[in-house]
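# Tertiary structure, described
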Amino acid sequence: MTERALLVRKAGLLTTVQDLGRPGWGALGIPAAGALDPEALRIANLLVGNPEGAAGLEITLQGPTLEARGEIDLAVSGGAFGPDPGRLVRLRDRGSIELRPRAAGGGSARAVVAVAGGIAVPPVLGSRSTCVSAGFGGLHGWPLRRGDAIPVGDPFAPPHADAQAPELPASGEVTLRALPGPQAELFGDAAAALFYSSAFRIRSESNRIGFRLEGPPIPCDPAAAEELPSEGTALGAVQITVDGQPIVLLAERPTTGGYPKIATVVAADLGLLIRAQPGARVRFVPATPAEARRLRAEREERIGRFAEEVRSR
Amino acid sequence: MRAVGEFSWLLSFGDAEEQRANERARAAAALLRSLAPEGLVDAIPAARTLFVEGSPAFDAGVLAGLEAGGEALPPPPRREHAIRLHAGGEDLPEVCAALGLSESAFWEAFLAPIFTVGFLGFAPGFAYLYGLPRSLRLPRRRTPRIKVPARSLAMAGPYVGIYPAVMPGGWNLLGTAEGDFFDAGRLPPALLAPGDTVRFVR
């Protein structure tokens, strides 16, 4: 088979190679990285006949324009980008695709592009994911640039030309279910009541490290916060900065940190957050661990059903 | 021990002395890794805690004894490093003035102890070293820098650290350290690991 590749004609706003990340290196300060929306990556991979964890491209707000070298099947999941999101797209040799958002402003802010055969960059520490904050992994450690040639592997299995992927919701009004964070008690009842009753806006400075929210300042005793020793941070932890603003920590968060964390967003709801546009409204509602586990089980069931569906075709 | 997410937990070590609590967190991390329970995803020791992440297959019951049992464990394997440093950090004059020491007196006190890597974080390969004499401790700078040069040797509070790459930072810059402190293409990728000891030489 000839060497297949995708040439980057336009880079898009922030396009990175991502798989399911490299968890397990936290003790050396290395973030797991990986797709912010793992559900979208897994679904897109199933559409093109890949294993669920094959490396794809994470696209942000304004997707790239890609040109095929060789015949390449791809699929977009997680957002309405390009001509046919949620379905298989076949690029002929020299064919190209513009991954522009279809619904200006109203749709998803991020999506994942899976490519039959997977993005074939060499794995670093067990993963092909780009760690943008530290500049390693992916194609060259950084977001894609115009002129890059992204190597594409040999297809794993025939793709599923007539399958329609389940749609993942994107909204301008997001409600996130959250468990108590490690410092929930430090904030006290009044701060918790304010946190769980307020609407926050997603700031445009949000990135793969964390989503910065803006809203009424959540008070925390500054002396107690100052005393807080560094500790490991969970995916989805909501830390409160010194000026009382929440940051939801994501795939490239520092592995340890000393800001107080009032809550942890349940994993199954993180996709809602990362698909939401800058400026979207975010609310938090308290959840129980049992509920969080049930939500994750439901998500796994949804993906499992789709996997069954594409396999049985 | 408390759950901090669906599949993550924080074990706390309440010793009065932070370095002692950290020792126990590291010992508990080493024990957990040696047990290799099904579904263990990551174990991250820090100042006073051990953060544990599991997959849905992970049974948190295995963590129950670790908070109490950290004491009796043998120390995990560690490496000893001699790291060459060059004085001349941007904050050195200010640091010496604040401490009321001459530069030579500062370095004499700084070079005496053997430091221990307590934990990493903030950035890949950034180690928090314990062992700074109390007489040398200063808080972090009021205003952090946007760009700290790579390999900067710095201190803040009880910690000494080396910035592995150019990054923002608020610690007091003392000088430069020799070495490649993080390289994702190498195994292990970080030069310093929890439990390693460091002696600085000039």
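Scroll up to find the structure.
In this report, we go over the structure that sits alongside the text.

What counts and what doesn't
- Residues numbered from 1 in each chain as written.
- Chains lettered and ligands numbered in written order.
- Predicted model: local features only at pLDDT ≥ 70, side-chain atom pairs only at ≥ 80, totals over all residues.
- Heavy atoms only, no water.
- Pairing = 2+ DSSP bridges.
- Helix = DSSP H or I, 4+ residues; strand = E, 2+ residues; numbered from the N terminus.
- Axes fitted to C-alpha atoms, helices over the stretch in contact; angles between N-to-C directions.
- Contact = heavy atoms within 4.5 Å.
- Core = buried A, V, L, I, M, F, W, Y, C linked by side-chain atoms within 4.5 Å.
- Buried < 20%, exposed > 50% of the residue type's maximum accessible area, 1.4 Å probe, protein only.
- Buried area = accessible area lost by both parts, 1.4 Å probe.
- Salt bridge = Lys/Arg side-chain N within 4 Å of Asp/Glu carboxyl O.
- Polar contact = N/O pair within 3.5 Å; in protein donor to acceptor, adjacent residues only side chain to side chain.

## Topic: the sheet that holds strand 4 (residues 49-54) of chain B
Residues and elements named next belong to chain B. What the 4 strands build is an open sheet, ordered 1-2-4-3; its pairing is antiparallel. Because the sheet does not close on itself, it has two edges, and the strands there are strand 1 (2-5) and strand 3 (40-45). Strand-to-strand twist of the sheet, defined as the mean angle between neighbouring strand axes without regard to direction, takes the value 25°. Alignment of strand 3 against strand 4, held across 5 bridges, turns out to be antiparallel. Counted as the bridge partner of Pro45 is Leu50 from strand 4. Lying over the sheet, helix 1 (residues 18-35) contacts strand 3 and strand 4, oriented at roughly 160° with respect to strand 3.

## Some remarks on the nonpolar core
Grouped together as the largest cluster of nonpolar side chains are 36 residues, with contacts concentrated most on Phe106, Phe110 and Phe200 of chain B. With 4 residues, helix 3 (residues 92-99) of chain B is the largest single contributor of residues to this core. Counting residues in hydrophobic clusters, the runner-up holds 29 residues, among them Ile218, Leu250, Ala251 and Phe284 of chain A.

## Comments concerning the interface of chain B and chain A
The interface of chain B with chain A comprises 38 residues on the first partner and 34 residues on the second. For the pairing of chain B and chain A, the buried interface totals around 2,700 Å² over both sides, and the portion due to carbon and sulfur atoms is 63%. A salt bridge links Arg2 of chain B to Glu185 of chain A; its shortest N-O distance comes to 2.9 Å. Applying the counting rule to chain B against chain A returns 11 residue pairs in polar contact (both at pLDDT 80 or more). Contributions of two or more residues to the side of chain B that touches chain A are made by strand 1, strand 2 (8-12), strand 3, strand 4, strand 6 (115-121) and strand 7 (123-130) of chain B.

## Points about the pairing of strand 7 of chain B
Where a strand is regular, its side chains alternate between the two sheet faces. Residues and elements named next belong to chain B. Counted residue by residue, strand 7 has 8 buried out of 8 residues, so it is predominantly covered. Across 5 bridges, the pairing between strand 6 and strand 7 is antiparallel. In the strand pairing of strand 7, Leu120 is matched with Ala127.

## Digging into the pattern of salt bridges
Within the structure shown, the criterion is met by 29 salt bridges over all chains. Residue Asp37 of chain A pairs with Arg275 of chain A through a salt bridge whose shortest N-O separation is 2.6 Å. Highlighted residues: Asp37 of chain A in the loop between strand 2 (16-18) and helix 1 (38-47) and Arg275 of chain A in helix 4 (residues 270-275), separated in sequence by 238 residues. Here Arg275 of chain A falls in the buried class, since its relative accessible area comes to 3%. The shortest N-O distance in the salt bridge between Glu252 of chain A and Arg208 of chain A comes to 2.8 Å. Separated by 44 residues along the polypeptide, Glu252 of chain A in the loop between strand 15 (246-249) and strand 16 (256-257) and Arg208 of chain A in the loop between strand 11 (200-202) and strand 12 (210-214) bring together distant segments of the chain. Accessibility assignment for this pair places Glu252 of chain A and Arg208 of chain A in one class, buried. Salt bridges sharing common partners tie together Glu90, Asp91, Glu94, Arg141 and Arg145 of chain B.

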